[in-house]
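Structure assessment
Here's the letter readout for the chains.
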Protein chains: 2
Amino acid sequence: MTKYQKQTRLLAAVDCIVFGFDGHTMRLLLIQRALEAERGKWSLMGGFVQPHESADEAAKRVLHALTGLQGVYLEQLHTFSDPARDPIERTLSIAYFSLIDISQYEKQLSEEYHAEWFDLSAAPRLIFDHNEMVAMAKEKLRYKAALHPLLFELLPKKFTLPQLQTLFEGVYETKFDKRNFSRKLLSTGLLVRQADKDMSASRKGAFYYKLNSKNYKAKFQDFLNLIPRTGAR
Amino acid sequence: MTKYQKQTRLLAAVDCIVFGFDGHTMRLLLIQRALEAERGKWSLMGGFVQPHESADEAAKRVLHALTGLQGVYLEQLHTFSDPARDPIERTLSIAYFSLIDISQYEKQLSEEYHAEWFDLSAAPRLIFDHNEMVAMAKEKLRYKAALHPLLFELLPKKFTLPQLQTLFEGVYETKFDKRNFSRKLLSTGLLVRQADKDMSASRKGAFYYKLNSKNYKAKFQDFLNLIPRTGAR
DNA sequence: TTTTTAATTGTCAACTGAACACTTAATATT
DNA sequence: AATATTAAGTGTTCAGTTGACAATTAAAAA
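Note that the coordinates shown come from a computational prediction; the quantities given were computed from them, not determined experimentally. (Residues numbered from 1 in each chain as written. Chains lettered and ligands numbered in written order. Predicted model: local features only at pLDDT ≥ 70, side-chain atom pairs only at ≥ 80, totals over all residues. Heavy atoms only, no water.)

As for the overall build of chain A
On a plain count of helices and strands, chain A comes out with six helices and ten strands. With respect to the three principal axes, the spread of C-alpha positions in chain A is 65 × 35 × 30 Å. Within chain A, the fraction of its 233 residues that count as buried is 50%. The contacts in chain A between residues at least 6 apart in sequence include a share of 67% that link residues at least 24 apart. A total of about 11900 Å² of accessible surface is found on chain A, and carbon and sulfur atoms cover 50% of it. Distance from the positive charge centre (34 side chains) to the negative charge centre (27 side chains) of chain A: 8 Å. (Helix = DSSP H or I, 4+ residues; strand = E, 2+ residues; numbered from the N terminus. Buried < 20%, exposed > 50% of the residue type's maximum accessible area, 1.4 Å probe, protein only. Contact = heavy atoms within 4.5 Å. Areas by Shrake-Rupley, 256 points an atom, 1.4 Å probe, with all protein chains shown as cover. Lys, Arg positive; Asp, Glu negative; His and termini not counted. Charge placed at Lys NZ, Arg CZ, Asp CG, Glu CD.)

Structure (structure tokens):
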């Protein structure tokens, strides 16, 4: 078989930025690096792209292998290619970001794996350029979640409006007016109110909602303008 | 020096999608592939990432080498990694897209290089997954240009409102109401009317405008909502 | 002087967005 | 049993924006 002669081959890795929400703050999933050079330091979940898999497949595989996570939202973010980004050997890294509902996975994570959640605003220094990757992922999350109903990936299937608002407020680091917030979110037609309430957070209780998955798919590509231009209250 | 043993190294390439605007339609810059396997077929401008350059640097270098273009808008789009995307040998491709003012470069392109402009809606079949790359770039251009003042990259430094509107109409394949269009664009504070007119396209002539570069930088990251929700006329 | 053609400009009605506060439901307290 | 407490839920108003719509103006051509 013909090959491209005289060209240098490079290592290609994937790194996964995993965001979660615990009901109060945005969190970031990290592991302690297993390989030498910076072994034991905090790191994103990463691994090398294998000969017969695409980067998407590699990201899925690596995430599953290191955390047990499966079937989660996963999207390519950016490829990082500074020749000196990995001091051991030149390695391209294709970064992915993922959004998951913490409550669904936290037991599994703590028992079988040693990945840990960090408060996003208090994450430790990471190896290589991983802090830069996280910063870019945060920015993209804010950008995209302002236009598309993306943050639902971070909540359980049943959630309340106060939970949803707390999540938005965490992502945008601001407060929203709850009257305007609920009006806007309900007007999307994406939410279906359930008969039961979450009685754990208040005396009165808050009605549960579920996503209307038909409208969700249809409206995902619409521009929704979910975020007020000036923060309120 | 320590290396990562036992990992497969892969070829890494960059491919550049270059959009231009000729005053009437959106155009795509293509070259005829110089390497064997599909030699002579139409292709994006591509080349391999070299050992001591980042992908951004590689994209700049390749674009300049193949077309003479320099100092143009260039942004990473997506990394394409299907193991079978290049039949010769597995190659990752980091795709970039670029926006240029055709009039400024067309002589150079036709004389020194053999890159050619194609009408975007009538582009030929390209090698490998290049058509898929172009499709993704078109989508991203529409997405981003709806929110950010990006399309100015495609116009000369002095341009008229009718030119700008024709450009937007080309990108979004629709017609806008010119009264609403000019009101919206002028309200951004990005445009500065010049004293002279372009007399080449009409008897009355159309005033030239320039970008207010200070406001341009400040507002680039704002969300501008440049596109009407329903097409007019 | 009149005609032609494209550029430029204005109004109005509907909608959207943001500011703002009271009522209600359930439990806890007395 | 009545009252207090706490967070959930809900409406209105005003200002700004958007989109539908057509008449006027500037310059060259006839």
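Picking up where we left off.
Things to note about the packing of aromatic side chains
As enumerated under the stated definition, the model contains 21 aromatic pairs over all chains in all. For the ring pair F152 of chain A and F159 of chain A, a centre distance of 5.6 Å and an interplane angle of 45° mean the geometry is tilted. Each ring, one from W42 of chain B and one from F118 of chain B, has its centre 4.8 Å from the other, and the planes form 75°; the classification is edge-to-face. One end of the pair, W42 of chain B, is in strand β3 (residues 42-43); the other, F118 of chain B, is in strand β7 (residues 116-119), with 76 residues separating them in the sequence. The burial state of W42 of chain B is the same as that of F118 of chain B; both residues are buried. Between the NZ or CZ atom of R193 of chain A and the centre of the ring of F207 of chain A, over which it lies, the distance is 3.7 Å. (Phe/Tyr/Trp six-rings, centres within 6.5 Å; stacked < 30°, edge-to-face > 60°. Lys NZ or Arg CZ within 6 Å of the ring centre and 35° of its normal.)

Some words on unusual backbone geometry
Residues and elements named next belong to chain A. Positive phi, close to 50°, is recorded for F128, a residue that is not glycine. In this structure, F128 sits in the loop between β7 (116-119) and α3 (130-145). Overall, the relative accessible area of 21% leaves F128 in the partly exposed class.

Quick word on the relation of the copies chain A and chain B
It takes a turn of 180° to lay chain A on chain B, together with a shift of 0.0 Å along the axis; the resulting RMSD is 0.1 Å. Taken together, the rotation angle and the small translation identify this as a two-fold axis. Taken together, the interface assignments show that 100% of the residues at the interface of chain A recur at the interface of chain B, consistent with an identical surface on both copies. (Least-squares fit on C-alpha atoms with pLDDT ≥ 70 in both.)

Some words on the sheet that holds strand β10 (residues 206-211) of chain A
Residue and element names in this part refer to chain A. With respect to topology, three strands assemble into an open sheet ordered β8-β10-β9, the strand pairing being antiparallel. Looking at which strands have only one partner, the edges of the open sheet turn out to be β8 (159-160) and β9 (191-198). Strand direction decides the pairing type here: β8 and β10, joined by two bridges, are antiparallel. Bridging from a neighbouring strand, F159 pairs with Y209 of β10. (Pairing = 2+ DSSP bridges.)

What about the sheet that holds strand β9 (residues 191-198) of chain B?
Strand order in this open sheet of three strands is β8-β10-β9 (chain B), and the pairing throughout is antiparallel. At either margin of the open sheet sits one strand with a lone partner, and together these are β8 (159-160) and β9 of chain B.

With respect to the interface of chain A and chain B
Across the contact, 41 residues belong to chain A and 41 residues belong to chain B. Here chain A packs against chain B, burying approximately 3700 Å² in sum over the two surfaces, 58% of which is carbon and sulfur. Connecting chain A to chain B are two salt bridges. For the pair chain A and chain B, the interface holds 23 residue pairs in polar contact (both at pLDDT 80 or more). Elements with a minimum of two residues in the side of chain A that touches chain B: β1 (11-21), α1 (55-67), β5 (73-80) and β6 (91-101) of chain A. (Buried area = accessible area lost by both parts, 1.4 Å probe. Salt bridge = Lys/Arg side-chain N within 4 Å of Asp/Glu carboxyl O. Polar contact = N/O pair within 3.5 Å; in protein donor to acceptor, adjacent residues only side chain to side chain.)

Some thoughts on helix α3 (residues 130-145) of chain B
All names here are of chain B. Its 16 residues give α3 an end-to-end C-alpha distance of 22 Å, which sits within 8% of 22 Å, the value for a rise of 1.5 Å per residue. Among the residues making up α3, those that are buried are H130, M133, V134, A137, L141, K144 and A145. Mapping the buried residues of α3 onto a view down its axis gives an arc of 100°, with all of them on the same face. (Expected span 1.5 Å × (residues − 1). Arc of directions from axis to C-beta.)

Focus on the domain arrangement of chain A
Residue and element names in this part refer to chain A. As far as domains go, chain A holds domain 1 (11-145) and domain 2 (154-220). With centres defined by C-alpha atoms, the gap from domain 1 to domain 2 works out at 27 Å. Counting from both sides, the interface comprises 14 residues of domain 1 and, opposite them, twelve residues of domain 2. The largest per-residue losses of area from domain 1 upon contact with domain 2 belong to F21, D101 and R142, which jointly make up 51% of the total buried on that side. Between the two partners, domain 1 and domain 2, sit one salt bridge. In this structure, R142 engages E173 in a salt bridge whose closest nitrogen and oxygen atoms are separated by 3.2 Å. At the surface where domain 1 touches domain 2, the tally comes to three residue pairs in polar contact (both at pLDDT 80 or more). Of all the secondary structure elements, the ones that give two or more residues to the side of domain 1 that touches domain 2 are β1, β6 and α3. Element by element, the count of residues in the side of domain 1 that touches domain 2 is highest for α3, at four residues. (Domains from an automatic or database assignment.)

Side note on the side chain of E75 of chain B
Residue and element names in this part refer to chain B. On the secondary structure map, E75 appears in strand β5 (residues 73-80). Judged by relative accessible area, which is 13%, E75 ranks as buried. One polar contact links E75 to K140, side chain to side chain, over a distance of 3.1 Å. Side-chain polar atoms of E75 contact the side chain of K144, separated by 3.0 Å. In this view, E75 contacts A95, Y96, F97, K140 and K144; residues no more than four positions away in its chain are not counted.

Details of the nonpolar core
Among the nonpolar cores identified, the biggest contains 49 residues, and V14, V18, L29 and L69 of chain A together with V14, V18 and L29 of chain B are the most heavily contacted of them. Excluding anything up to four places from it in sequence, L29 of chain A contacts V18, M45, T67, L69, L109, A115, E116 and W117 of chain A. Formed by 45 residues, the second largest nonpolar core is a distinct cluster that contains F21, F118, F159 and L226 of chain B. (Core = buried A, V, L, I, M, F, W, Y, C linked by side-chain atoms within 4.5 Å.)

A short note on the pattern of salt bridges
Evaluation of the coordinates by the stated rule reveals 24 salt bridges over all chains. Linking D177 of chain A and R179 of chain A is a salt bridge whose minimum nitrogen-to-oxygen distance equals 2.9 Å. Measuring nitrogen to oxygen at the nearest pair gives 3.9 Å for the salt bridge that ties D15 of chain B to R85 of chain B. Here D15 of chain B, found in strand β1 (residues 11-21), pairs with R85 of chain B, found in the loop between β5 and β6 (91-101); they are 70 residues apart in sequence, far enough to count as distant. Pair check on accessibility: D15 of chain B and R85 of chain B agree, each one buried. What you see here is one network of salt bridges that share partners, running through D15, R85 and D129 of chain A.

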